[in-house]
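Structure at a glance
Each chain, letter by letter, is given below.
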Amino acid sequence: MEAWTGGAYGDRGRCVLAPNPGIMTLDGTNTWVLREPGSARSIVVDPGPLHDDHLDAVAAVAGEVEAVVVTHHHDDHTEAARSFAERMGCGVRGLDPAQCWRSDPVVDGEVLSVGGLDVEVVTTPGHTTDSISLLVEADGALLTGDMVLGRGTTVIVHPDGDLGSYFDSIARMRSLVSSGRVGSLWPAHGPVLTDAAGVLDHYVVHRRERLAQVEGALHRLGLSPAQLPADVAEDPTLPRRVVEVVYADVDESLWGAAEWSVRAQLAYLARR
Ligand SMILES: [Zn+2]
């Protein structure tokens, strides 16, 4: 597997990789600096962890920062947001007002215009309720936060994340590709994906397969989706029992994350 270290993408994207690798963060968090060529002003997306060397590296390529934007509330994206915004003399924006600082929340369809660069906010809930993507149409790129990752597939953290919304958001991204506005995906973890259509289609197929496996596991456990309690939390041991069947071939270190996904799948099946 080729090592991912960040770098320049399109004419307007620059990825500074944060030094926080892990099971959930892959190589680390991608901090994206978006800037029109020749402009002094930029937008910084997901400053990442509080790590001085990383934030110095981001500041060095960012010039004057107009706004810090967070793709969702998870710590590996937002921990440094306020202090970095304070250092750069700007505010923090995100969909969730609780993430904002000295700035208003973003809204779906809003265009952030900075030094000749237009970045459109596309709300894409699923991984979390407050997940957004950012469209840099001039480069045919969509920043996907944690909705699409550079490797593997994302985790839906139920109940904040929701599988029904996730399918809707992936379909929305796919329509941006079909209409020719997006060709590549710039994720918040792992490498840039240049086959946006292929990746999004794979995400849907993968989720449908996992759903079928979860239904199969329920069957083996003597249950049917129709018998699931409306609130999956009523049977706290069920997600783990399903994981042990569905993820038998996956390293046990990933079972914790898998359990969150299975919870989301059970909630989806219970509502269907
Ligand atoms: Zn996340």
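Structure's up top.
We now turn to the structure provided with this report. In this numbering scheme, every chain counts its residues from 1 along its sequence in written order. Per-residue local features are limited, in this predicted model, to residues with pLDDT of at least 70; the limit for side-chain atom pairs, both in listing and counting, is 80 or more; totals at the level of whole chains, interfaces and linings are taken over all residues. Only hydrogens and water are set aside when side-chain values are computed; all heavy atoms of the structure are taken into account.

Focus on helix α3 (residues 81-88)
Considered for burial, the residues of α3 that qualify are A81, F84 and A85. Seen along its axis, α3 keeps its buried residues to an arc of 100°; they face one direction. Here, residues are in contact when the closest pair of their heavy atoms is within 4.5 Å. The numbering of helices and of strands both runs from the N terminus, where a helix is a DSSP run of H or I of at least 4 residues and a strand a run of E of at least 2. As for α3, its buried residues are in contact with β4 (41-45), α1 (52-62), β5 (64-69), α2 (75-78) and β6 (91-93). Just downstream of α3, G89 is the residue with a positive phi angle, here 75°. Each residue is assigned to one of three classes by its accessible area relative to the maximum for its type, calculated with a 1.4 Å probe on protein chains only: buried under 20%, partly exposed between the two thresholds, exposed over 50%. Throughout, the arc means that of the directions going from the helix axis to the C-beta atoms.

What about the pattern of salt bridges?
Each salt bridge in this description consists of a side-chain nitrogen of Lys or Arg and a carboxyl oxygen of Asp or Glu lying within 4 Å of one another. Throughout the structure, instances matching the rule amount to 15 salt bridges. The salt bridge involving R12 is made with D139; its shortest N-O contact spans 2.6 Å. One end of the pair, R12, is in the loop between β1 (6-9) and β2 (13-17); the other, D139, is in the loop between β9 (132-136) and β10 (141-145), with 127 residues separating them in the sequence. In this structure, D27 engages R151 in a salt bridge whose closest nitrogen and oxygen atoms are separated by 2.9 Å.

What to know about the packing of aromatic side chains
Here is the rule: rings of Phe, Tyr and Trp (six-membered ring for Trp) pair when centre to centre is within 6.5 Å. Planes less than 30 degrees apart are stacked, more than 60 are edge-to-face, and the remainder are tilted. Under the counting rule described, the total for this entry stands at 5 aromatic pairs. A ring pair is formed by Y9 and W32, whose centres lie 6.1 Å apart and whose planes are at 70°; its orientation type is edge-to-face. Of the two residues, Y9 is situated in strand β1 and W32 in strand β3 (residues 30-34); the sequence distance between them amounts to 23 residues. Y9 gets classed as partly exposed once you look at its relative accessible area, which sits at 25%. Measuring from ring centre to ring centre gives 6.2 Å for Y166 and F167, while their planes differ by 65°; the resulting arrangement is edge-to-face. Look at Y166 and you get buried, because its relative accessible area is 1%. Given a relative accessible area of 9%, F167 falls into the buried group. Clustering of aromatic rings is evident, with ring pairs tying together W4, Y9, W32 and W186.

Quick look at the pairing of β2
Relative to β2, β1 runs antiparallel, the two being bridged by 4 bridges. In the sheet register, Y9 faces β2, and the bridge partner there is G13. Paired strands are those between which DSSP finds at least two bridges. With antiparallel pairing between neighbouring strands as the criterion, β1 and β2 make up a hairpin whose turn holds 3 residues, including G10 at a positive phi of roughly 60°. In the sheet, β2 pairs with β3 via 5 bridges, with the strands oriented antiparallel.

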